[in-house]
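Geometric and topological summary
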Amino acid sequence: MVEKKSETASIDEKRVGTPSDDFDFGGDSMLPPPPTLTPEQQKKLWRKVDVRIIPILALMYLLSYMDRGNIGNARLQGLQTQLHLTGNQYNVALTMYFIPYCIFECPANLVLKRFRPSRWLPGITVAWGIVMTLMGLVKNYPQLVGTRVCLGIAEAGLFPGVVYYLTLWYPRHLLQFRISLFYGSASLAGAFSGLLAYGIGFMSGTGGLLGWSWIFILEGLLTTIVGIIAFFVLVDFPSTATFLTPEERSFIIHTKRYDNSSVGEEEHFEMRHFWAALCDWQVWAHILAYMSVVGPIYGITLFLPTIINSFGHTPAVSQLLTVPPYVFATTCVYTFAHFSDKVKMRSPFILLGLLFCLFGFSISISNASSGVKYFGTFFAVSGGYAAFPGIVAWLGNNLAGQYKRGIGLAIHIGVGNFSGAIAANIYRSRDAPRYLVGHGVELMFVGMGLIVVPSIVFTYTRINKNRDAAQQQALSGGDATKYSKQQLRELGDRAPDFRYTL
């Protein structure tokens, strides 16, 4: 399957199975030097990895998104009435999910490598599945809030953990499509949630429980089962992946490690990695871009059934009408990701997604007919979902090395998700049916993104040009680099040969 490099190649001059300063394959594995693969062999290898790790991650994330958002469906099945929720209590219950979810995302990412992905990710899946099941048995408002808090804590480690996990497997210009493969399940979750809620609604009264209770119980049990299966399916790191040959493991580790820089990335954690991520302008600029997409996503996810119900449909029909916008969104997610990886650019597709949101929410806030507003929900839903993988992949592409990337992504996602707490409170019952405040705040988020994203592109472009000029000047002057290989590894994305992805 593989073609070994020439014996004269410098890499093959190293004794097979002997670690070196240039090639640290990670873990305790003694791997052969990386082989040369033809483009077709590389595609076959990446497909092999995809088939093994993506489906289970996508299923776990589908259930995660469905479990955090199904409260919107449960609201139409008697949740608000039976628990006597008044005023803004429903919105507070939504908000209390996001506070612990945001707080615990960064710490969760720091422990991922220590506790191993194959144990940590399935473990938290089982934990939130149990919480979700118990949510179906709550009897009052305080219990609902308490279970929403526990759900936020349990789910906090999944998304940033999976994104960081994928950055350890895939080179940066293959990353967005893989993030989209599992994140696309989030948009599918909206469709499945509506279909399941419609079907489960017919169980109302079974066992003395209303439909909303059965939504939580059955979906929670399903999550728990998938989490248990994931213990036996999910693998850890490329260096320990037994489904790959030693040569294949060596190729993946070498490709990923030397993806960002000619001298590779540092592999060992030090506190300076934390401070480097915390003080990097990129992280904080990208947080604003992240919020501009996540705010609209959570707003439409949590309230789409309510918004459609305000058009005058029955609860059952409203549940079914949530499905088509999510199907359209899933198509956009995969289409955007395919072309983004193909042209090796993120920002144009993020901007296109924001323009979709601008169009969709502008229709929603208008005084148009219900049919036209329903048409607008297709763009409001698809714009945010399609732009989101690019937002995450973009920062992941531009942070190096491993630990700075892991910490930076966790801060990025953790702080950025506070926009979800805002979105949970902007669609108020008293604003029905136009929801001027809710749609207006969503447009504010979109407007922020349309300013921040071009600003980031401008800054990246300027830095890349400066580095190109400096490198050209050094080459023309015959000057050797003033940095050692170790210093270049420590510089990470600040290294003179690192170029930011636009």
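Residues numbered from 1 in each chain as written. Predicted model: local features only at pLDDT ≥ 70, side-chain atom pairs only at ≥ 80, totals over all residues. Heavy atoms only, no water.

By the naming in an unreviewed UniProt entry, the protein is Major facilitator superfamily (MFS) profile domain-containing protein, taken from Psilocybe cubensis. Per UniProt, the protein has the following entry under Subcellular location (unreviewed entry): "Membrane". (UniProt positions renumbered as here; feature names shortened; annotations may be inferred.)

Concerning the nonpolar core
As a rule of thumb, nonpolar side chains are buried together in soluble globular proteins. With 144 residues, the main nonpolar core has Phe159, Leu166, Trp169, Phe182, Tyr183 and Tyr385 as its most contacted residues. Each residue touching Tyr385, except ones within four places of it in the same chain, is listed here: Tyr65, Tyr183, Ala186, Ser187, Ile297, Thr301, Tyr326, Ala329 and Val333. (Core = buried A, V, L, I, M, F, W, Y, C linked by side-chain atoms within 4.5 Å. Buried < 20%, exposed > 50% of the residue type's maximum accessible area, 1.4 Å probe, protein only. Contact = heavy atoms within 4.5 Å.)

Considering a nonpolar patch on the surface
The grouping of Phe192, Leu195, Leu196, Tyr198, Phe202 and Leu320 at the surface amounts to a nonpolar patch, some 550 Å² of accessible area in total. In terms of residues, the nonpolar patch owes the most to one element, helix H8 (residues 175-200), which gives 4 residues. Note on placement: Leu196 falls in helix H8. (Patch = residues over 30% accessible without salt bridge, like charges linked within 9 Å, V, L, I, M, F, W, Y side chains within 5 Å. Areas by Shrake-Rupley, 256 points an atom, 1.4 Å probe, with all protein chains shown as cover. Salt bridge = Lys/Arg side-chain N within 4 Å of Asp/Glu carboxyl O. Helix = DSSP H or I, 4+ residues; strand = E, 2+ residues; numbered from the N terminus.)

Observations concerning the packing of helix H5 (residues 117-135) against helix H7 (residues 158-167)
Their axes nearest at 11 Å, the elements H5 and H7 cross at an angle of 160°. In terms of orientation, H5 and H7 fall into the roughly antiparallel class. In this structure, the crossing between H5 and H7 has a hand that is left-handed. Between H5 and H7, the residues in contact are Pro117, Leu121, Ile124 and Trp128 and Leu158, Val162 and Tyr165, respectively. Class assignment for the residues of the contact of H5 with H7 results in 7 nonpolar, no polar and no charged. (Axes fitted to C-alpha atoms, helices over the stretch in contact; angles between N-to-C directions. Parallel < 35°, antiparallel > 145°, perpendicular 65-115°, else oblique. Left-handed = near helix turned anticlockwise from the far one by under 90°. Nonpolar A, V, L, I, M, F, W, Y, C, P; charged D, E, K, R; others polar.)

Points about H8
With 26 residues, H8 ought to run about 38 Å at 1.5 Å a step, and its terminal C-alpha atoms sit 37 Å apart, in line with that. Along H8, the sharpest kink reaches roughly 35°, centred on Leu181. (Expected span 1.5 Å × (residues − 1). Bend = angle between axes of the 7 residues up to and from the residue.)

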